[in-house]
Amino acid sequence: MKKINEKNNNRGLSLPMIFQNNMVLQQDKPAVIWGEAAPGAKVTVNIQGQTASVTADTDGAWKIILDPLTTAEAEDLTITASAIQNGLASETIRLKNIAIGEVWIAAGQSNMEFWMRYEKHRAEALSACPNRHIRFFDVPKICFDGQLEDFDYSRMGIWRFADTKENLDYFSAVGFYFQKELEEALHVPVGIIGCNWGGTVSAAWMRPDTVNRVGKPWIDHFHEVPEYTDLTQYLAAQHTKQINDHGNPFSDVFLEKVLPQTLPDREFRRFVHHLPRDYYHDCFYDYFEKPQPQSIPGSLYEHMLKTIAPFSVRGVLWYQGEGDDEFGFADLYQDMLTALIADWRALLADDTLPFLIVQLPGFSRWLMQMPGNNFMEIRRCQEAVCDTVPGTWLCSISDSGEETDAHPKDKKTVGHRLALLARGHIYGENLPCDAPRVTDIIRDGNCIIISFAHAEGGLTIRGGRLEAMQIFDSAGQELPFDASAEGSRLLLTLKNPAPDPIQVAFAQTSWYRVNLYNQAGIPVVPFTLQNI
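Just so it is clear, the structure is predicted and the values come from calculations on it, not from any experiment.

1. Let's talk about the overall build of the protein chain
Counting its regular elements, the protein chain contains 16 helices and 24 strands. The globule rule puts the C-alpha radius of gyration for 532 residues at 24 Å, and the 25 Å found for the protein chain is close to it. On the principal axes, the C-alpha backbone points of the protein chain span a range of 90 × 55 × 45 Å. A burial count over the protein chain gives 55% of its 532 residues as buried. Counted over contacts in the protein chain with a minimum sequence separation of 6, partners at least 24 positions apart contribute 73%. In the structure as shown, the protein chain presents an accessible area of about 21900 Å², 47% of it carried by carbon and sulfur atoms. The positive charge centre, built from 47 side chains, and the negative charge centre, built from 68, are 4 Å apart in the protein chain.

2. Some points on the pairing of strand β19 (residues 469–472)
The two faces of the sheet receive side chains in turn, since in a regular strand these alternate between them. The alternating pattern of β19 places Met469 and Ile471 on one face and Gln470 and Phe472 on the opposite face, and all of these are buried. Across four bridges, β19 lies against strand β22 (residues 503–506) in antiparallel orientation. The residue bridging Met469 from the neighbouring strand is Phe506, located in β22.

3. Details of the packing of helix α5 (residues 173–186) against helix α16 (residues 412–426)
One way to put it is that α5 packs onto α16 with a least axis distance of 7 Å and a crossing angle of 45 degrees. The angle between the axes of α5 and α16 places the two elements in the oblique class. Our pair here, α5 against α16, has a crossing hand that is right-handed. Contacts between α5 and α16 involve Val174, Tyr177, Phe178, Glu181, Leu182 and Ala185 on the former and, on the latter, Lys412, Val414, Gly415, His416, Leu418, Ala419, Leu420, Ala422 and Arg423.

4. Here we look at the confidence of the model for the protein chain
Per-chain confidence: the protein chain averages 93 in pLDDT, with 96% of residues scoring 70 or above. Considering only residues more than four positions removed or in separate chains, one finds that residues 4–10, a stretch of pLDDT under 50, has 13 contacts.

5. A closer look at the sheet that holds strand β16 (residues 437–444)
Judged by pairing direction, the sheet is antiparallel, and its four strands sit side by side in the order β16-β17-β21-β20 without closing on themselves. Of all the strands in the sheet, just β16 and β20 (481–486) have a single pairing partner and so form its edges. Averaged over all adjacent pairs, the angle separating strand axes in this sheet is 20 degrees, with direction ignored. Examined bridge by bridge, β16 and strand β17 (residues 447–453) share seven bridges and lie antiparallel to one another. When the sheet's bridge partners are listed, Asp440 is paired in β17 with Ser451.

6. Observations concerning the environment of Arg380
Topologically, Arg380 is positioned in helix α15 (residues 375–388). On the basis of relative accessibility, which here comes to 39%, the residue Arg380 falls in the partly exposed class. Considering only alpha carbons, one finds Arg380 and Ala106, 274 residues apart in sequence, at a separation of 22 Å.

7. So, α5
For α5, built from 14 residues, the straight-helix expectation of 20 Å at 1.5 Å per residue is met to within 8% by its first-to-last C-alpha distance of 20 Å. Within α5, 10 of the 14 residues are buried, leaving the element largely enclosed by the surrounding structure. Of all the residues in α5, the buried ones are Ala173, Val174, Gly175, Phe176, Tyr177, Phe178, Gln179, Glu181, Leu182 and Glu183. Two residues or fewer after α5 comes His187, characterised by a positive phi angle close to 60 degrees.

Rules behind the numbers
- Residues numbered from 1 in each chain as written.
- Predicted model: local features only at pLDDT ≥ 70, side-chain atom pairs only at ≥ 80, totals over all residues.
- Heavy atoms only, no water.
- Helix = DSSP H or I, 4+ residues; strand = E, 2+ residues; numbered from the N terminus.
- Rg over C-alpha atoms; globule rule 2.2 N^0.38 Å.
- Buried < 20%, exposed > 50% of the residue type's maximum accessible area, 1.4 Å probe, protein only.
- Contact = heavy atoms within 4.5 Å.
- Areas by Shrake-Rupley, 256 points an atom, 1.4 Å probe, with all protein chains shown as cover.
- Lys, Arg positive; Asp, Glu negative; His and termini not counted.
- Charge placed at Lys NZ, Arg CZ, Asp CG, Glu CD.
- Pairing = 2+ DSSP bridges.
- Axes fitted to C-alpha atoms, helices over the stretch in contact; angles between N-to-C directions.
- Parallel < 35°, antiparallel > 145°, perpendicular 65-115°, else oblique.
- Left-handed = near helix turned anticlockwise from the far one by under 90°.
- pLDDT = per-residue confidence, 0-100.
- Expected span 1.5 Å × (residues − 1).

Written out as structure tokens, the structure reads:
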């Protein structure tokens, strides 16, 4: 990863790309500053009245951990490397307009990557600009050595303000709405680090040895791909491929067409037919038909996450899982996500780092293909992780999917629900923030009574008729019923007598849209109840 110094020359003192003018540092936690200098140089860091020094090791690496910083809008950060015996002069890097506030990582695949450029409420968001308390850094999409130098990444890896249309376009839409709500609630600057990549799988975001330990089928699949047999040769061939140029996301004609809108099948076929020949063969066809380097286990952990670690952050927003279903390994996802969280916590040096996990919404298919075959299992695994891994919470967006689009355009709802979780669980506000979940079920003849937690003030069925609910008899036949909400309970009344046992399934199809909410406007989490 490129590093910076004050005059952009080749002297020894340098910092990772994330350290720039206009950055946001995490408040109230030890701040980690690191980089490189001449071996043996004394490196001194100064900010907010604190001064700390360390000697660069024999490889020139150095790291300083500062005491927690306090909220501020415009601090200077100064890093100085002293002169040493080999004749190098003292060096200084001065970074200006540093905010001290809250920092979160927005991580995952395309629905977290989804830029404000394409978001449904973008015009409304622009009306609230400029807001220089909200800042965003996008980690360049890199998955192999040399990729950053192969292409023009000058548009990426920049701390941006939410102050102009051009800057706002680059923000993760989920991240923007999350940080906007936090900034309004906490009255501090909020920074988002976007560390995400569309279409990627969990294995790419983990240590390879971790994948081998908890998800060996992923490693076996990797070794079975013919192109990966000689990995050195495969990666050598990637340096000149147009498809690996991720320096200008808005130059991709495919994304510019499909992300702002949901294309009917006929229009999509017409669009593909008229794609430029070189783009079709070098990018479009390659993406859908050939293995990509960003799918190699550990590739994004090594080349993206490591470039920002151990930067101090408050927590991680995680929106991913579609890729794991596409590859047929949905049943491994609970173990994979659990181990991924442990890998990230270890690398970011925070063994209690919060993870707010977005549960995948309903979805049927996209662009005549890519069905959500087993999203039900991915959702189950996401919920199970939040039940078993301390410091993780589930974000329900089961009312926000789109039947024929893998990229719902409304990210404001997702950001809002994540912000509620953060405000309630991380920042200690007394407000409802969790999705309703089943706690008890009673059957009395034809009446089924389901009780819910996180339903204070009562449940509401929006639209009058309950959606996404099915009841089956022991032979698998669907049973008709009526439904009503009564306080924190859902009452289901069978229209005809049915022998025991029956099964209640809520949001257990590929496509659904939940309309059962608590008083905070959060939809009920999908569930299945057997042998009722």
